[in-house]
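# Remarks on the overall topology
Here's the letter readout for the chains.
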Amino acid sequence: MAESQVVTEEPAASQLPPLVEISSTSGPDAVVSSTDVKDSQSNTADASSMGVVEMEQSPEGSPNVNTVSSQDQDQCVQPPQVDTSFPEEFAKFWQVVMDNTQDFTGWTYLLQYVEQENHILAARKAFDEFFRHYPYCYGYWKKYADFEKRHGNIKEAEEVYQRGLQSIPLSVDLWIHYINFMKDSYDNSHPETVSRIRCAFEHGVLAAGTDFRSDRVWEMYINWETEQLNLKAVTGIYTRLLGIPTQQYSHHFQRFKEHIQNNLPKACVTVEEFLRLRRELAAANDHMNSGDSSADDIPPGTEDIKDPAKLVTEIENMRHRIIEIHQEIFNHNEHEVSKRWRFEEGIKRPYFHVKPLEKAQLKNWNEYLDFEIENGTNERVVVLFERCLIACALYEEFWIKYAKYLESHSIEGVRHVYSRACVIHLQKKPLVHLLWSAFEEQQGNINEARRILKSFEESVPGLPMVRLRRVSLERRLGNLEDAVLLLQDAIKISKSPNESTFYAVKLARLLFKVQKKSA
């Protein structure tokens with residue numbers, strides 16, 4: 001079970017920076033509030049590797065209704081108008097992506113063009129529109145922030161990072177870029193800067209720290225606290241990390257032991273923990289030397305040790321006991337890692353990409369989710385679903401599975417998952433929209449159920465299953481007149497005799513049932 005066997009690519013993926021509210025989980029309710037955000041930023045790593053094709057298109061094996069015309073595709077959303085003061089060629093590149101938002105090549109040309117022209121307003125317009133459709137493209141969030149920073153817009157750059165981390169809080173890369181940006185942009189000797197960076201690290205490990213591949217953000221946090229000479233905080237971080245199944249779990253334990261061996265126990269643990277350990281060791285020593293009555297003269301663990309040899313012995317014993325306590329945590333965690341290792345090895349593409357995933361990859365994600373649902377905590381299940389949906393954002397089955405899981409945990413969570421799926425990632429997939437509508441109807445939100453179906457039918461017209469679902473909804477509510485009108489309208493706008501006949505038969509059956517019921 002060599003640690004190096006697992007793919008080390010970071011997911012393009014869950015909350016937020018200093019002075020920003022953040023949930024302790026990375027689930028559907030983990031929404032970050034930026035109301036209290038102050039100025040803070042970070043930027044170092046090279047984003048050249050992020051020219052990846054990251055556009056959303058229908059993968060193989062998933063229901064596809066993308067045969068609608070490009071005019072129908074965005075009929076529900078009026079594309080933003082182009083300012084005449086923009087660069088000369090901007091309108092041409094802009095029109096390409098407005099005609100077909102799934103033309104990733106068009107998006108890359110547009111974004112490259114605005115960067116090349118160095119036009120801040122055009123760049124903001126292009127990036128903002130791009131992220132309405134592709135929020136999981138974490139590399140482009142950094143490109144956008146870098147662009148703002150080059151123009152001296154530190155506050156705006158920070159806001160870009162914060163928006164990106166709200167969209168994809170599981171992105172370890174984005175957290176690292178953000179924190180580096182903060183360190184580069186502020187006076188690191190100022191106490192407030194130190195406090196804000198520490199807060200950002202905390203938010204980062206809360207949001208992404210339970211990801212199996214989150215090791216780098218943890219190590220960065222530990223190294224930073226070590227630089228601050230805050231050894232007690234380092235010990236506390238290790239205590240948390242050693243209980244989380246991560247790819248480099250064994251490496252972290254080795255570094256923890258070095259940390260304890262290279263520093264005095266009094267500097268590494270809190271005063272309360274230090275005194276507790278001294279009492280524990282003193283009590284064990286008294287038990288071994290129970291014949292020595294002098295041991296009862298003073299409370300164990302409170303006396304100062306004068307003898308240098310005894311002091312060295314106590315320090316070594318205390319170090320041994322600290323490591324021993326954490327060894328128990330490590331052993332349990334190692335067992336948890338071993339249960340998940342084969343699933344992690346099977347994840348070859350943890351980041352967002354438009355290319356269809358191999359069947360083996362999809363099968364691995366499904367089996368991993370089933371395992372975690374059966375054996376893991378709710379927090380771990382939610383994090384795994386969020387990881388899965390970064391790599392599998394274009395597959396209905398995983399969004400539906402996530403929503404079904406959350407039904408017994410969080411109604412608002414279910415709603416949030418359906419909303420993300422239907423509004424952003426699967427705008428043209430009928431099944432997930434039908435299920436969302438059914439969910440809202442079940443919750444008594446009838447108007448919302450109607451709106452979802454009507455909006456989807458306007459976006460993707462000509463699907464009988466959607467029109468019939470609208471008819472069934474009205475019929476269940478006792479609005480038979482509205483149900484009849486919907487079928488009559490379907491007959492009127494039918495594009496073929498077969499389609500017209502299909503709806504006419506449905507209408508006849510409905511009228512027959514109505515007549516029979518009223519008789």
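No experiment lies behind these values; they were computed from the predicted model shown.

Before going further, it helps to examine the nonpolar core. In this structure, F90, F130, C392 and F398 are the most contacted members of the largest nonpolar core, which totals 113 residues. Broken down by element, this core gets its largest block of residues, nine residues, from helix 16 (residues 378-391). V484, L486, L487 and L507 belong to the second-largest nonpolar core, a separate cluster that totals nine residues.

Take the packing of helix 9 (residues 215-227) against helix 11 (residues 249-261) next. The packing of two helices is summarised by the inter-axis angle and the distance between the axes. Interaxial distance between helix 9 and helix 11 falls to 11 Å at its minimum, and their mutual angle equals 10°. Regarding the angle of helix 9 to helix 11, the classification is roughly parallel. Where helix 9 crosses over helix 11, the handedness of that crossing is left-handed. Residues D215, E219, I222 and N223 of helix 9 form the contact with helix 11, whose own contacting residues are Y249, H251, H252 and R255.

In the structure shown here, the tally under the stated rule is 29 aromatic pairs. Note on W175 and Y178: the rings are 6.5 Å apart at their centroids and 85° apart in plane angle, and the pair reads as edge-to-face. With W175 and Y178 both in helix 7 (residues 172-185), this residue pair falls three residues apart, about one helical turn. Assessed through its relative accessible area of 0%, Y178 is described here as buried. Between F253 and F330, the ring centres sit 4.5 Å apart and the planes meet at 10°, which makes this aromatic pair stacked. Note that F253 is positioned in helix 11 and F330 in helix 14 (residues 308-345), a separation of 77 residues in sequence. Through a chain of ring-to-ring contacts, three or more aromatic side chains come together here, namely W107, F127, F130, F131, Y134, Y140, W141 and Y144.

Glancing now at the confidence of the model for the protein. Looking at the protein, the pLDDT average stands at 83 and 79% of residues meet or exceed 70. A low-confidence stretch, residues 1-77 (pLDDT under 50), is modelled with 277 contacts involving residues beyond four sequence positions or located in other chains. The low-confidence segment residues 291-303 (pLDDT under 50) makes 11 contacts with residues lying over four places distant or belonging to another chain.

Relative orientation of the contacting elements helix 19 (residues 430-442) and helix 20 (residues 446-459) amounts to 165°, with a least axis distance of 7 Å. Judged by the angle between their axes, helix 19 and helix 20 are roughly antiparallel. Judged by the twist between their axes, the crossing of helix 19 over helix 20 is left-handed. The residues of helix 20 that touch helix 19, namely those facing P430, H433, L434, W436, S437, E440 and E441, are I446, E448, A449, R451, I452, L453 and F456.

Looking at the secondary structure, you find N230 in the loop between helix 9 and helix 10 (231-241). Among all residues touching N230, those that are not within four sequence positions of it are R198 and E225.

The next thing to look at is the pattern of salt bridges. Tallied over the entire structure, the rule returns 36 salt bridges. One salt bridge in this structure joins R150 and E115, with 3.7 Å as the shortest N-O distance. In this pair, R150 sits in helix 5 (residues 138-150) while E115 sits in helix 3 (residues 104-117), placing the two residues 35 residues apart along the sequence. Look at R150 and you get exposed, because its relative accessible area is 52%. The residue R163 makes a salt bridge to D128 at a minimum N-O spacing of 3.1 Å. Of the two residues, R163 sits in helix 6 (residues 154-167) while D128 sits in helix 4 (residues 120-133), which places them 35 residues apart along the sequence.

What counts as what
- Residues numbered from 1 in each chain as written.
- Predicted model: local features only at pLDDT ≥ 70, side-chain atom pairs only at ≥ 80, totals over all residues.
- Heavy atoms only, no water.
- Core = buried A, V, L, I, M, F, W, Y, C linked by side-chain atoms within 4.5 Å.
- Buried < 20%, exposed > 50% of the residue type's maximum accessible area, 1.4 Å probe, protein only.
- Helix = DSSP H or I, 4+ residues; strand = E, 2+ residues; numbered from the N terminus.
- Axes fitted to C-alpha atoms, helices over the stretch in contact; angles between N-to-C directions.
- Parallel < 35°, antiparallel > 145°, perpendicular 65-115°, else oblique.
- Left-handed = near helix turned anticlockwise from the far one by under 90°.
- Contact = heavy atoms within 4.5 Å.
- Phe/Tyr/Trp six-rings, centres within 6.5 Å; stacked < 30°, edge-to-face > 60°.
- pLDDT = per-residue confidence, 0-100.
- Salt bridge = Lys/Arg side-chain N within 4 Å of Asp/Glu carboxyl O.

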